[in-house]
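Notes for the structure review
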Amino acid sequence: MKATVMQLHRDLQLGRTSSVALTEQALTVIAGHRAAGGAAFTHVDAQAALAAARHIDAVGLYPTPLAGLPLSVKDLFDVQGQITTAGSVVRKQNPPVQQDATVVAKLRAAGAVLLGRTNMSEFACSSLGLNPHYGTPRNPGDPERVAGGSSSGAAVSVALGMGVAALGSDTGGSARIPAAFCGLVGFKPTAKRVPMQGCLPLSPSLDSIGTLGRSVSCCAILDAVLCSGWTPSHARGQPPT
């Protein structure tokens, strides 16, 4: 599944593939990666992903470019019913969160299929992507090298075809560095342009919610969804209504 968002969107619209087929393909690659010792994902929600894909196919409409496409979410964002560990064991005993982060909710509303949580540097504090607790994701081009960070698992998930694109974060390069290391595109939007509710902060004045994809177009499509409803008041810390 090494294609762009728009290529796969056209395939879905023309009936050349289905959301279930794409999701099953992604889950198969993820399973093989994990069986071989890969550390790109810390949690995979296969049943929920397949249920979402079946629902989208049953409706038979793919109204947005993300509808029916499997994506990964960095372990820095709240996903309802899951624990946001931020790559650390300190938060492992926290209760599952009660609601999605705003950007996760936006992805769901756009019809994206969420595969699971991707590994990262602990609390996003490394540009190398190292993680002593959950393993360090390796560079897809050379397993002896790092994938970059802190959105290391996000980049590896896209580079290896375990998702069409990925939701990450970027404070000082956390999306752009691993994207560059893994031959992808990473985008950091203007700070506060994308709502941060439900994202564990590193530096509130510098944090941005970033995207990783195979092309500039892929990142632009995700960004358009994530910043939908944005107004200048959001940059002053007021949540969207």
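Bear in mind the structure is a predicted one, so any value in this text is a computation, not a measurement. (Residues numbered from 1 in each chain as written. Predicted model: local features only at pLDDT ≥ 70, side-chain atom pairs only at ≥ 80, totals over all residues. Heavy atoms only, no water.)

Here we look at the overall build of the chain
If you tally the helices and strands in the chain, you get seven helices and eight strands. Relative to the globule expectation of 18 Å for 241 residues, the C-alpha radius of gyration of the chain, 16 Å, shows essentially globular dimensions. Across its three principal axes, the chain shows a C-alpha extent of roughly 45 × 45 × 35 Å. The proportion of buried residues among the 241 residues of the chain is 51%. (Helix = DSSP H or I, 4+ residues; strand = E, 2+ residues; numbered from the N terminus. Rg over C-alpha atoms; globule rule 2.2 N^0.38 Å. Buried < 20%, exposed > 50% of the residue type's maximum accessible area, 1.4 Å probe, protein only.)

Here we look at the pattern of salt bridges
Across all of its chains, the model carries six salt bridges by this definition. For the salt bridge of Arg-16 with Asp-11, the shortest nitrogen-to-oxygen distance reads 2.8 Å. Judged by relative accessible area, which is 56%, Arg-16 ranks as exposed. In this structure, Asp-100 engages Arg-108 in a salt bridge whose closest nitrogen and oxygen atoms are separated by 2.6 Å. Since its relative accessible area comes to 40%, Arg-108 is described here as partly exposed. (Salt bridge = Lys/Arg side-chain N within 4 Å of Asp/Glu carboxyl O.)

Quick word on the sheet that holds strand β2 (residues 70-74)
The strand order across the open sheet built from six strands is β1-β3-β2-β6-β8-β7, with neighbouring strands paired in mixed fashion. The open sheet terminates on both sides in strands that have one partner only, identified here as β1 (41-44) and β7 (185-187). Direction aside, neighbouring strands of the sheet carry axes that sit 30° apart on average. As defined by bridge partners, strand β6 (residues 165-170) adjoins strand β8 (residues 208-213) across five bridges and the pair is classed as antiparallel. Bridge assignment links Asp-170 to a residue of β8, and that residue is Ser-208. The strands touched by helix α3 (residues 46-59) are β1 and β3 (113-118); relative to β3, the strand with the most contacts, the crossing angle is about 160°. Of the strands in this sheet, β6, β7 and β8 touch helix α7 (residues 216-226), which is tilted by about 145° from β8. (Pairing = 2+ DSSP bridges. Axes fitted to C-alpha atoms, helices over the stretch in contact; angles between N-to-C directions. Contact = heavy atoms within 4.5 Å.)

Some remarks on the side chain of Ser-19
In this structure, Ser-19 sits in helix α2 (residues 19-35). You can call Ser-19 buried: its relative accessible area is 0%. Among residues more than four places away in sequence, those in contact with Ser-19 are Leu-12, Ala-53, Asp-57, Tyr-62, Gly-68 and Val-113.

Everything listed here is a matter of geometry and, on its own, says nothing about what the molecule does.
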